[in-house]
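Structural description and commentary
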Amino acid sequence: MGPWGFVFLAYGIVWSCLLLYLFSLKRRQRKAAAELLQLRSTSRGTD
Amino acid sequence: MRETDQKQGRGRTILGALALLSILVGLAWGLILAPPDAYQGEVQRIMYLHIPTILIAYLSFFIVFVASCLYLWKRERRDDILAYSAAEIGILFTGLTIIEGSIWGKPTWGVWWTWDARLTLTAILFLIFTGYMILRSLIEDENRGAICGAVLGIIGFLDIPLIHMSVYWWRTLHQPPSILRPDKLPWENVHPSMLLALSINFLAFLLLYFYLLALRFRVGEMQDEVKKLKLYGGQ
Amino acid sequence: MELLRQAARLLWKDFLLELRRRESLVTMFFFGALLLFVFQFAFEISAERAAEMAPGLLWLAFLFTGTLGLTQLFQAERENHCLDALLLSPMDRASLYLAKVSFNLFLMLLVELVIFPLFWVLFNLTSWHLLPTLFFVAFLGTLGFCVLGTLFSAVTMRARAKELLLPLILFPLMIPVILATIRAMEIILRSGELGEGAAWLRLLLGFDVIFLTAGFLIFEWVIEA
């Protein structure tokens, strides 16, 4: 593997991991928002 | 409360956009505009990743330390959320640093791993972060988890200078001069264009880090509120 | 000081308990000795290599034996709500910390007092005159181990998988102690005197002082959690 191979390997791994992490955060945020919406609406309903 | 959430969300988006912009500029400088190193060739470009990520890993640990101290002092939930958010992102950046260091090492030194001071220290940092995350996940009570995590965060941070000293002494006292690795950071005697590429990339990673941290913090706040609502209903 | 008197009283209680039941001490002794046998089967330690491998092997044995002691450290307090009773009393929490550090230190030093000569006998080492200096280095290292170990034994006390969690957290933090004691002991065994090893001992001493102070201050929050 030539020098550029190593460079792209490193850059590739780093940026894909960061992107994956960002997606996982976004997914967790969406899930939590959905849960909050559901919990808040049901709690209002039981007043 | 909804308005501050929206304002924070907008702030995060702006931060994210700035991060993306500087990342693209950084990539352009790092991969194209900066010249290759005289000795290391193109492989040196990995340093534009490696140096920012290791610095940010240490920054993250520092934030864990400060948040831990604040939590033990004031016992406010948000300090604990900040602590484990910084730990989670810190472990990510530390892991990336190790991978980058290893990939850089193969063409440079011929091996995927070596027990030199810097790589060893990064591995130790990774182990301490891992210990923190596993500790948090294995303690069920939330308050106890926060306190125990804070203790580890503080002790771990206090230990880092001692770990550095001992690992550096260990490596320098045992290395025969003929294979002494150059321990100077690559920014001594360096082409100004490379220094610029390094600075831009560092700024890019820094902005990205704070964006991720802000987002992780927000997720933590929301998960906290979900837990509270499930426990106490509509109070 | 009142603090020291409370610590002494708690320490005495642990002594008596140990004297009567002898669980920790006996297990630690035999485990340490067993490890020496395992090392021989694993490494085939020849006469020439014994001296250079001694510090590392000894410290491996001490680390694992010490961890055994640490996981048992708060066992007595956890039974019969003894810990709750202690916390309800107006006792200074730091005295419990001092007592536990001292107790684990005492157990480990007793084990080391036996393991050192046992190693010398099993692997045919002749440098018996170096043992006091080596033991002094081991003492400083063991103190560092007990200081942080006690704190994290309390931290992991109520966590799941605490026997696995404790070494996982503790060992990376112990790296300065591990490096310093083993390197210093190597220098002593190689040259017959401390010499350059003094720098390592200063590091050890610094570690002990810093974390004894930190543990002293932080322990009360941990134990009340």
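The following refers to the structure shown. Nothing here was measured: the structure is a model prediction, and the numbers come from that model. (Residues numbered from 1 in each chain as written. Chains lettered and ligands numbered in written order. Predicted model: local features only at pLDDT ≥ 70, side-chain atom pairs only at ≥ 80, totals over all residues. Heavy atoms only, no water.)

Notes on a positive patch on the surface
Residue and element names in this part refer to chain A. Our working definition: Each patch is built from salt-bridge-free residues with over 30% relative accessible area, joining like charges within 9 Å and nonpolar side chains (Val, Leu, Ile, Met, Phe, Trp, Tyr) within 5 Å. Accessible surface is estimated by sampling points in the Shrake-Rupley manner with a 1.4 Å probe; for residues, cover comes only from the protein chains shown. Definition used for salt bridges: Asp or Glu carboxyl oxygen within 4 Å of a side-chain nitrogen of Lys or Arg. Lys and Arg are tallied as positive, Asp and Glu as negative. Neither His nor the chain termini are counted. By convention, the charge on Lys lies at NZ, on Arg at CZ, on Asp at CG and on Glu at CD. Comment: elements are numbered from the N terminus, with helices defined as DSSP H or I runs of at least four residues and strands as E runs of at least two. Think of it in three bands: residues with accessible area under 20% of the maximum for their type are buried, residues over 50% are exposed, and the middle band is partly exposed, with areas taken using a 1.4 Å probe on protein chains only.
Together, Lys26, Arg27, Arg30 and Lys31 line one region of the surface with positive charge. Mapped onto the elements of the fold, Lys26 is located in helix α1 (residues 3-45). Here Lys26 falls in the partly exposed class, since its relative accessible area comes to 33%.

A closer look at the pattern of salt bridges
Using the criterion set out here, one finds 22 salt bridges over all chains in the structure. One salt bridge connects Glu221 of chain B with Arg218 of chain B, and the closest N-O pair in it is separated by 2.9 Å. Pair noted here: Glu221 of chain B and Arg218 of chain B are both in helix α6 (residues 192-232), with a separation of three residues, about one helical turn. A salt bridge links Glu163 of chain C to Lys162 of chain C; the nearest nitrogen and oxygen atoms lie 3.5 Å apart.

Considering the packing of helix α1 (residues 2-21) of chain C against helix α6 (residues 93-122) of chain C
Residue and element names in this part refer to chain C. Going by this rule: Convention adopted: a line fitted to C-alpha atoms gives each axis, helices being fitted over their contacting stretch, and angles between N-to-C directions are expressed from 0 to 180 degrees. With respect to orientation, any angle under 35 degrees is reported as roughly parallel, any angle over 145 as roughly antiparallel, any angle of 65 to 115 as roughly perpendicular, and every other angle as oblique. Should the near helix be turned counterclockwise from the far one by less than a right angle, the crossing is left-handed, whereas a clockwise turn marks it as right-handed. Only heavy atoms enter the contact rule, under which two residues are in contact if any of them lie within 4.5 Å.
Running from amino to carboxyl end, α1 crosses α6 at an angle of 40°, the nearest separation of the two axes being 8 Å. Judged by the inter-axis angle, α1 sits oblique to α6. Handedness of the crossing formed by α1 with α6: right-handed. Contacts between α1 and α6 pair Leu3, Leu4, Gln6, Ala7, Leu10, Leu11, Asp14, Phe15 and Glu18 from the former with Ala94, Ser95, Leu96, Leu98, Ala99, Lys100, Ser102, Phe103, Phe106 and Leu107 from the latter.

Comments concerning the interface of chain B and chain C
We count it as follows: Values labelled buried area give the accessible surface lost by two parts on being combined, using a 1.4 Å probe and summing over both. Here a polar contact is taken to be a pair of N or O atoms separated by no more than 3.5 Å, where protein atoms must pair a possible hydrogen donor with a possible acceptor and residues adjacent in sequence count only if both atoms sit in side chains. Each residue receives one of three labels: charged for Asp, Glu, Lys and Arg, nonpolar for Ala, Val, Leu, Ile, Met, Phe, Trp, Tyr, Cys and Pro, and polar for the others, Gly being one of them.
Contact residues are listed per partner, giving 31 residues for chain B and 31 residues for chain C. Taken as a group, Leu138, Ile155 and Leu162 of chain B account for 21% of the area that chain B buries against chain C, more than any other trio of residues on that side. Between chain B and chain C we count one salt bridge in total. A salt bridge links Arg160 of chain C to Glu140 of chain B; the shortest N-O distance between them is 2.5 Å. Along the contact surface separating chain B from chain C lie two residue pairs in polar contact (both at pLDDT 80 or more). Contributing elements (two or more residues each) for the side of chain B that touches chain C: α4 (117-138) and α5 (142-174) of chain B. Top element by residues in the side of chain B that touches chain C is α5 of chain B. It accounts for 19 residues. For the side of chain B that touches chain C, the per-class residue count stands at 22 nonpolar, five polar and four charged.

A short note on a nonpolar patch on the surface
Taken together, the side chains of Met1 and Leu9 of chain A together with Trp112, Trp113 and Trp115 of chain B present a nonpolar region at the surface, about 560 Å² in accessible area. With respect to the helices and strands, the residue Trp115 of chain B is situated in the loop between α3 (77-109) and α4.

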